[in-house]
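Tertiary structure, described
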Amino acid sequence: MSRSPNQDETRSAAHGRRRIFSGIQPSGSLHLGNYLGAIRQWVRRQDERSDEVESFICVVDLHAITLPQDPESLRRQTRELFALLIACGIDPERTTLFVQSHVRAHTEATWMLLCATPLGWLERMTQYKVKAQRQESVGAGLLTYPVLQAADILLYDAHEVPVGEDQKQHVELCRDVAQRFNHLYGETFVVPEPVIPQVGARIMGLDDPSAKMSKSDSAARGHAVLLTDPDAEIERAIKRAVTDSGNEIRFSDDPEKAGVDNLLSIYAAVTGRSRAECEADFADARGYGDLKKRVAEVVVDVVGPIRERAAELLRGDHRELDRLVALGAERAAAIAEPKLAQMRERLGFLPAPR
Ligand code: TYM
């Protein structure tokens, strides 16, 4: 009977470095929730010692087609997202930043993992249930989506998967799939851990603080702060954010105060200040107007430079961007292909004729 490798064994399996893997969809525009819940953690991990961590960040275009996409928009959004990630601080020389569909191993590995995944595991996924409810007809890809995500992670022997709160269940499913495959076919995969930030893991909509800020709703005015929004738009959205009829500026679990709690959480995540420090910062405030003004200022300070750097990268013929896309694809394939070969061998496929 096979067993899961322990952390030291898996560390050496990945050449002594902790592997970090995460992904993001090029559907809709990047928003502050994506940045505070996920991207900022990726940049922090990348900036740690390069002999200790090795990062992989994937623009998951195959995931984006689980819901119908306009091909021209998908192409544009994929390029824009790649540029925005660089603008946020992902350095394509240090992090393997790549587009999922460029590495064919992801789709092939998905099929192999699907065959080892019980249907009931997929039917239980919260995001599937929510998204399926919104659709008139549900594509099979929407159901099998988390197995593609598992393939993404497992092909790279990732130890850690930094994500926002909403992706935790998918990473847990990935662990189950890895363990099951290891059990059925022998030790093949590292079993990864989800890593959720303490602050900013679930940023809520400005127009409705009971629903998470999301790309699919971000077209609605006043729902999200997009990383491409001009300063005036950011200020307007935050100024209009839904709050309550009181005037107390404090963190709270009370659903009535969810709007203020969300604004304070954004402030805490952006400034890196503790909850007590944040509340103290607003002890003399004269109501929610002051809170919103200050939150807008700190958000503009982080989003402004990101927006401008991305616009610079997207100007002209994209030659530099295309070079980086190709570099990422080559580096990612160099890791994913041998892993796929190992999966094929474990499953008993004849070696492919050359
Ligand atoms: P996606 O594209 O929906 O979101 C990208 C990342 O942003 C986080 N996030 C948030 N964090 C805080 N507050 C919010 N309101 C908020 N909205 C989104 C998400 O948790 C996520 O970390 N299935 C994934 C992409 C994926 C992936 C992977 C992730 C594909 N393969 C492998 C990790 C590993 C998704 O749709 O994320």
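In the block above lies the structure referred to throughout.
Residues numbered from 1 in each chain as written. Predicted model: local features only at pLDDT ≥ 70, side-chain atom pairs only at ≥ 80, totals over all residues. Heavy atoms only, no water.

**Here's the deal with the site of the ligand**
Surveying the vicinity of the ligand reveals 27 residues, the closest of which are Y145, D152, D166, I203 and K215. In the model, an oxygen atom of the ligand is placed 2.7 Å from a nitrogen or oxygen of the Y145 side chain. At a separation of 2.8 Å, a nitrogen atom of the ligand approaches a polar side-chain atom of Q149. Computed on the free molecule, the ligand has an accessible area of 710 Å², of which 97% lies beneath the protein chains in the complex. Its atoms largely coinciding with the cavity grid, the ligand occupies the largest pocket. When contributions to the shell around the ligand are tallied by element, the ones reaching two or more residues are β1 (18-24), α2 (32-46) and α8 (140-154). Grouping the constituent residues of the shell around the ligand by class yields 11 nonpolar, 12 polar and four charged. (Near = heavy atom within 4 Å. Polar contact = N/O pair within 3.5 Å; in protein donor to acceptor, adjacent residues only side chain to side chain. Areas by Shrake-Rupley, 256 points an atom, 1.4 Å probe, with all protein chains shown as cover. 1 Å grid on protein atoms, 1.4 Å probe; cavity = no way out; pocket = protein on both sides within 12 Å on 5 of 7 lines; lining within 4 Å. Sits in = over half its atoms within 2 Å of the grid points. Helix = DSSP H or I, 4+ residues; strand = E, 2+ residues; numbered from the N terminus. Nonpolar A, V, L, I, M, F, W, Y, C, P; charged D, E, K, R; others polar.)

**Concerning the packing of aromatic side chains**
Applying the stated rule across the entire model yields seven aromatic pairs. Ring geometry for F181 and Y185: centres 4.8 Å apart, planes at 50°, overall tilted. Here Y185 and F181 lie together in helix α9 (residues 168-185), a separation of four residues that amounts to about one turn. Look at Y185 and you get partly exposed, because its relative accessible area is 34%. Judged by its relative accessible area of 0%, F181 falls in the buried class. Taken together, F21, F56, F98 and Y156 form an aromatic cluster joined through their ring pairs. Taking the ring centre of F251 as reference, the NZ or CZ of R275 above it sits at 4.2 Å. (Phe/Tyr/Trp six-rings, centres within 6.5 Å; stacked < 30°, edge-to-face > 60°. Buried < 20%, exposed > 50% of the residue type's maximum accessible area, 1.4 Å probe, protein only. Lys NZ or Arg CZ within 6 Å of the ring centre and 35° of its normal.)

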